[in-house]
Structures are given as structure tokens and as C-alpha cells.
Amino acid sequence: MIFPIFISCSLLIAHSHASVVDFCVADFSVPDGPEGYACKKPAAVTVNDFVSSGLGAPGNTTNLIKAAVTPAFVAQFPGVNGLGISIARLDLAPDGVIPFHTHPGASEVLVVVEGTICAGFVSSANTVYLKTLCTGDVMVFPQGLLHFQVNGGDDQAVAYVSFSSSSPGLQILDFALFANDLPSQLLEAVTFLDDYQVKKLKKVLGGTG
């Protein structure tokens, strides 16, 4: 009986402590940890910690995937530290694509503000949820599931994406498979691709082995 009471009291104390802290602006002078960054001293906090001006300009889409993501995560936007939110801008040139990827630490909500975007995700049961989104459409991508976005038209497409974490994390499937030094023979075995295909993808994405 004593142990449950102790746990309950600990939770109440933790909740009480959290409820009296208005915010926890990231202190970049110390390394971050599993719980995020330490809090900057209140006297050092300014209004600029709560404002990000980086999402107004288009990202550079002159790259392999013809796409750009401009983040306002905790590393760029210290005011979101500890709040469980963040945002980013997505620019897709014609034929632009954000390949299959996951965010291990967050769910995602995407709103299209310009153009059309073909977007989708795959559930753990391998069910595909796919939709062509137009300006004003919103789509949610559950945490940890593979998902993608492709420009669905002939013009530039722009979207804003919000996350349920100040640091959602990112792993792009193609780069995880082919932009490393995993031996080609092993990749051929686990992907069912032949030697030529594996080496071609490694060359394109900068892998070795």
C-alpha cells in the first residue's frame, strides 16, 4: 500500500511542479537529453525566443528530390522546447517528392497552401491511405508510420506541417537503406533487389560497401 501512495504523491508533485512553469525555452549552452533541452533562465528569455521568421521564404528545391523542408523545430525555435509542438514548411517543385520516411517521435498534420500534393501513409497492417490534396486540404500522418508527399501537379506546391513534438525526428527509408556502408550482398538479401540495382542506388545516394 505504501508504494502506490508514494507513486501517487510523486506524480502529484511532478504535476504541481510542471503546472507552475509557464515555459521552458531551450538553453543551447548545455547539451540536450532524452527529455529535451534544459530551461534558459527566465531573466535571459526574450520575445524572440517565441518567434520564428524562417518559414516565409521558399526552400531550395534544386536537389535530387526537388523538395525542401524548412524546420522550426526546437533547434531553430527555442520557445517550443517542452511544449510538444513544432512546425515546418514544405516546398515541392514540379516532380518533387519527399520519399517514404518516418518521424519516430511525433504525429504530423499537413495543410496544403499552394498547388496539389499526393500524400499517403502505410499502416502496420500494410494498408495504404492515399489522397491527392488541394489547397486548403489537411491530412494527418500517425506517429512512426511510413509516409510520403509528391507534387501532384505541374506547378510549385507548398504546405505547412505541424508535429506533436518539438523534435519529431526523421528517418528517410531510401537513405537508411542505401546511403550507408551496409554490404551490398546483405542489402540484396533483405530487399530482394539484384546487385546492379543495389549498387546503382548506393551510388546515387552516397552509400558504400
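The model shown is predicted, which means the values in this text are computed figures rather than measured ones. (Residues numbered from 1 in each chain as written. Predicted model: local features only at pLDDT ≥ 70, side-chain atom pairs only at ≥ 80, totals over all residues. Heavy atoms only, no water.)

*Asks:* Please clarify how helix 3 (residues 184-191) should be interpreted in this entry.
*Replies:* Since there are 3.6 residues in each turn of an α-helix, residues three or four apart along the chain are aligned in direction. Of all the residues in helix 3, the buried ones are Ser184, Leu187, Glu188 and Thr191. Seen end-on, helix 3 carries its buried residues on one side only, within an arc spanning 100°. The outward face of helix 3, more than 90 degrees from its buried face, is lined by the exposed residues Gln185, Ala189 and Val190. Among the structural elements, helix 2 (173-178) and helix 4 (195-205) are those in contact with the buried residues of helix 3. One or two positions beyond helix 3, positive phi appears at Phe192, with a value near 65°. (Buried < 20%, exposed > 50% of the residue type's maximum accessible area, 1.4 Å probe, protein only. Helix = DSSP H or I, 4+ residues; strand = E, 2+ residues; numbered from the N terminus. Arc of directions from axis to C-beta. Contact = heavy atoms within 4.5 Å.)

*Asks:* What exactly am I supposed to notice about the nonpolar core here?
*Replies:* One recurring pattern in soluble globular proteins is that nonpolar side chains are buried together. Counting residues in hydrophobic clusters, the biggest one holds 19 residues, and the most contacted among them are Leu92, Leu110 and Ile117. Of all the secondary structure elements, the ones that give two or more residues to this core are strand 2 (86-92), strand 4 (108-114), strand 5 (117-122), strand 7 (138-141) and strand 9 (157-163). (Core = buried A, V, L, I, M, F, W, Y, C linked by side-chain atoms within 4.5 Å.)

*Asks:* Would you mind showing me how to read the sheet that holds strand 7 here?
*Replies:* Strand pairs in the sheet, formed through backbone hydrogen bonds, run parallel or antiparallel to each other. Strand order in the open sheet made by the five strands is 1-2-9-4-7, with antiparallel pairing throughout. Where the open sheet ends on each side, the last strands, each with one partner, are strand 1 (67-72) and strand 7. The sheet shows a mean angle of 20° between the axes of neighbouring strands, taken without regard to direction. Direction of pairing for strand 2 relative to strand 9: antiparallel, over a ladder of seven bridges. Bridged to Ile87 within strand 9 is Ser162. (Pairing = 2+ DSSP bridges. Axes fitted to C-alpha atoms, helices over the stretch in contact; angles between N-to-C directions.)

*Asks:* Help me out: how do you make sense of the side chain of Thr191 in this one?
*Replies:* Summarising the element assignment, Thr191 is placed in helix 3. Judged by relative accessible area, Thr191 falls into the buried class, the value being 19%. In terms of polar contacts, Thr191 uses its side chain to reach the backbone carbonyl oxygen of Leu187, at 2.5 Å. (Polar contact = N/O pair within 3.5 Å; in protein donor to acceptor, adjacent residues only side chain to side chain.)

*Asks:* What am I meant to see in the environment of Gly79 here?
*Replies:* Along the chain, Gly79 falls in the loop between strand 1 and strand 2. The spatial distance from the C-alpha of Gly79 to the C-alpha of Val25 is 4.7 Å, given a sequence separation of 54 residues. Not counting chain neighbours up to four residues away, the residues in contact with Gly79 comprise Val25, Asp49 and Phe50.

*Asks:* Whenever I open this one, the state of the cysteines confuses me. Can you help?
*Replies:* Put plainly, two cysteines are in a disulfide when a covalent bond ties their sulfur atoms together. All told, the structure shown has one disulfide when counted by the stated rule. Across the disulfide, Cys24 is cross-linked to Cys39 (sulfur-sulfur distance 1.9 Å). Across the S-S bond linking Cys24 and Cys39, the dihedral sits near -105°, which makes this disulfide left-handed. Of this pair, Cys24 sits in the loop between helix 1 (2-19) and strand 1 while Cys39 sits in the loop between helix 1 and strand 1, and the two are 15 residues apart along the sequence. Owing to a relative accessible area of 15%, Cys24 belongs among the buried residues under this scheme. Look at Cys39 and you get partly exposed, because its relative accessible area is 41%. (Disulfide = S-S within 2.5 Å.)

*Asks:* Whenever I open this one, the pairing of strand 9 confuses me. Can you help?
*Replies:* Side-chain direction in a regular strand flips from residue to residue, so the side chains alternate between the two faces of the sheet. Of all seven residues in strand 9, five are buried, a share of seventy percent or more. With six bridges connecting them, strand 4 and strand 9 associate as antiparallel partners. Along strand 9, the bridge assignment pairs Leu110 with Val161.

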